[in-house]
Amino acid sequence: ISLISFDNDPRFHLFPFSTIDFGFDHLGYCAFHLILGDIPIRSNHHNDIDSRAKVIHRGSIAKPHFR
């Protein structure tokens, strides 16, 4: 069994639960500056901004076991 949580909640730093950080802080930063147009932000022709989700491995994800 592997344990994983979402949003990289700071309360999980106390436990060895691996989490997924969806990068909403980066997404909000980029969206704000894309709307203002004050700094160059990479987006596609629909003004979509790539998400930067990443897994924060803290030891609760087991390696796959194949037989």
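Residues numbered from 1 in each chain as written. Predicted model: local features only at pLDDT ≥ 70, side-chain atom pairs only at ≥ 80, totals over all residues. Heavy atoms only, no water.

Visitor: I'd like a rundown of the overall build of the protein, residues and numbers included.
Guide: Of regular secondary structure, the protein possesses 1 helix and 3 strands. Ordering the α and β elements of the protein from the N terminus gives β-β-α-β. The 67 residues of the protein split such that 18% are buried. Taking all contacts inside the protein whose residues are at least 6 apart in sequence as the whole, residues at least 24 apart take part in 54%. Just so you have it, the protein exposes about 5800 Å², and 60% of that area is on carbon and sulfur atoms. (Helix = DSSP H or I, 4+ residues; strand = E, 2+ residues; numbered from the N terminus. Buried < 20%, exposed > 50% of the residue type's maximum accessible area, 1.4 Å probe, protein only. Contact = heavy atoms within 4.5 Å. Areas by Shrake-Rupley, 256 points an atom, 1.4 Å probe, with all protein chains shown as cover.)

Visitor: Which residues make up the pairing of strand β2 (residues 18–21), and what are the values?
Guide: The side-chain alternation of β2 yields two buried faces, one formed by S18 and I20 and the other by T19 and D21. Note that β2 and strand β3 (residues 54–56) share 3 bridges and pair antiparallel. Paired with D21 across the strands is K54, a residue of β3. (Pairing = 2+ DSSP bridges.)

Visitor: I'd love a proper account of the packing of aromatic side chains, names of residues and values included.
Guide: Going through the model one piece at a time under the given rule, you end up with 1 aromatic pair. Relative to F24, the ring of F22 lies with its centre 5.7 Å away and its plane at 20°, an arrangement referred to as stacked. With a relative accessible area of 26%, F22 lands in the partly exposed category. Classification of F24 as exposed rests on a relative accessible area of 54%. (Phe/Tyr/Trp six-rings, centres within 6.5 Å; stacked < 30°, edge-to-face > 60°.)

Visitor: Which residues make up helix α1 (residues 24–36), and what values do they have?
Guide: Over its 13 residues, α1 runs 18 Å from end to end, which matches the ideal 18 Å to within 8%, given 1.5 Å per residue. Backbone geometry just downstream of α1 places G37 in the positive-phi region, at approximately 70°. (Expected span 1.5 Å × (residues − 1).)

Visitor: How would you explain the environment of A31 if you had to name every residue and give the values?
Guide: Tracing the backbone shows A31 in helix α1. Note on A31: relative accessible area 29%, which makes it partly exposed. Considering only alpha carbons, one finds A31 and S43, 12 residues apart in sequence, at a separation of 9.6 Å.

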